[in-house]
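Inside the fold
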Amino acid sequence: MSGFADRSVLVTGGASGIGRAAAIRFAQEGARVCVADLNGEGAAAVAAEIGASAVWVQADISTAQGNAQMVAAALGAGGTLDVAFLNAGYLGPMGGFEATDEELFDRHLAINLKGAFLGLKAVHGVVADGGAVVVTSSTAGLLGLHESPAYSAAKHGVIGLVKASTPAFAAKGARINAICPGGVETPMMGSADQAIVTPDMLRRVPLRGMGSAQQVAEAALWLASPAAAFVNGQAHVVDGGLLSTFVPAPVGP
């Protein structure tokens, strides 16, 4: 992949998982990267792992101030903002509808949906002509996730937000897309972060299997690259075939 040399990239949720993998890969492709996360210590560690081409910032994406701080940090380091990967999110308890109370629902909306909105507002004013924005939704934004209705509702909202924001970003000369991962082995899912490998070394994932953070990050890199210049305003599923067909099941009554 090419097209990121000397470009300025902001990655949220960059302290671990998909965000960490993306930050490292953007840097490997020549970008100047700003690693943003509520976990400042984790963001600093990823920036240190990348080296001189990375900076970090502690930011709460659920607040306008946090989003302004991370955009300012990216601009301060890179001078422009060419790419934003708004990836930070919250998974939370998976107790189903009956265990979802108002507080949990509001938390999901504040982080997963309002956070995406505030990020887009902060990025829209400064994104470079020819730039790209990728926002992480989920396969739970396309189908109902009965274990977490609040998460699913928020991620559905992210897709609508991205689609509705496409003309506003197009007016700035920028593209915007959502990415919808399926099951991914990340710290959020209880797995440790993995070493980054060359893309040709990534393993094939069995049908409906768990993918790696880097496999989703590679898709985000492609969406942000000039190779995806004709791709705009859509939700892209990266799920190992999870949503491709009905899961085989016994015929019920």
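What counts, and at which threshold
- Going along each chain's sequence as written, the residues are numbered from 1 onward.
- Side-chain atom pairs in this predicted model are given and counted only at pLDDT of 80 or more, local residue features only at pLDDT of at least 70, and totals for whole chains, interfaces and linings cover all residues.
- With hydrogens and water set aside, each side-chain value is computed from the structure's full complement of heavy atoms.
- In this text, helices come from DSSP runs of H or I with a minimum length of four residues, and strands from runs of E with a minimum of two, each type numbered from the N-terminal end.
- A radius of gyration in this sense is built from C-alpha atoms; the matching globule rule multiplies 2.2 Å by the number of residues raised to 0.38.
- We call a residue buried when its accessible area falls under 20% of the maximum for its residue type, exposed when it is over 50%, and partly exposed in between, using a 1.4 Å probe and counting protein chains only.
- A contact between two residues is defined here by any heavy atoms of the two lying within 4.5 Å.
- Counting rule for charge: Lys and Arg are taken as positive, Asp and Glu as negative, and neither His nor the chain ends is counted.
- Charged side chains are reduced to one point each, which is NZ for Lys, CZ for Arg, CG for Asp and CD for Glu.
- The pairing test for Phe, Tyr and Trp rings, Trp by its six-membered ring, is centres within 6.5 Å, and the orientation test on the planes gives stacked under 30 degrees, edge-to-face over 60, and tilted for anything in between.
- Each ring is checked for a lysine NZ or an arginine CZ that lies within 6 Å of its centre and within 35 degrees of its normal; such an atom marks a charge sitting over the ring.
- Patch definition: residues with relative accessible area over 30% and no salt bridge; like charges joined within 9 Å; nonpolar side chains (Val, Leu, Ile, Met, Phe, Trp, Tyr) joined within 5 Å.
- For the area figures, the Shrake-Rupley method with a 1.4 Å probe applies, and any residue is considered shielded solely by the protein chains shown.
- Salt bridges, as used here, are contacts in which a Lys or Arg side-chain nitrogen is within 4 Å of a carboxyl oxygen on Asp or Glu.
- Working rule for helices: expected span equals 1.5 Å times residues minus one.
- Two axes enter the definition of the bend at a residue: one is fitted to the seven residues ending there, the other to the seven starting there, and the bend is the angle between them.
- Note on pairing: two strands pair once DSSP finds at least 2 bridges between them.
- For helices, the fitted line uses only the C-alpha atoms of the stretch in contact; every axis is such a line through C-alpha atoms, and the angle between N-to-C directions lies from 0 to 180 degrees.

- Under an unreviewed UniProt entry, the name given to the chain is Short chain dehydrogenase, and the organism recorded is Novosphingobium endophyticum.

Some remarks on the overall build of the chain
- The helix and strand inventory of the chain stands at six helices and nine strands.
- Its C-alpha atoms give the chain a radius of gyration of 17 Å, within 12% of the compact-globule value 18 Å for 253 residues.
- Sorting the 253 residues of the chain into buried and exposed places 49% on the buried side.
- Within the chain, contacts between residues at least 6 apart in sequence are counted, and of these 69% link residues at least 24 apart.
- Each charge class in the chain can be summarised by its mean position, and for the 14 positive and 19 negative side chains these summaries are 8 Å apart.

Topic: the packing of aromatic side chains
- Within the structure shown, the criterion is met by one aromatic pair.
- For Arg107, the ring lying beneath its charged end belongs to Tyr90, and the centroid distance is 4.4 Å.

Quick notes on a negative patch on the surface
- Negative charge collects at one region of the surface, where Asp101, Glu102, Glu103 and Asp106 lie side by side.
- Along the chain, the position of Asp101 falls in the loop between strand E4 (81-86) and helix H4 (102-124).

Brief notes about H4
- A rise of 1.5 Å per residue sets the reference length of H4, with its 23 residues, at 33 Å; its end C-alpha atoms lie 31 Å apart and thus fit the reference within 8%.
- At Lys114, H4 shows its maximal bend, which comes to roughly 40°.
- Among all positions in H4, only Leu104, His108, Ile111, Asn112, Gly115, Ala116, Leu118, Gly119, Leu120, Ala122 and Val123 are buried.
- Of the surrounding elements, those touching the buried residues of H4 are helix H3 (64-78), E4, strand E5 (127-136), helix H5 (149-170) and strand E6 (175-181).

Thoughts on the sheet that holds strand E9 (residues 235-238)
- The sheet built from seven strands is open, its strands ordered E3-E2-E1-E4-E5-E6-E9 with parallel pairing. Strands with a single pairing partner mark the edges of an open sheet, and in this sheet they are strand E3 (54-58) and E9. Adjacent strand axes in the sheet meet at a mean angle of 20° when their direction is disregarded.
- Taken together, the four bridges between E6 and E9 define a ladder with parallel strand orientation. Along E9, the bridge assignment pairs Ile179 with His236.

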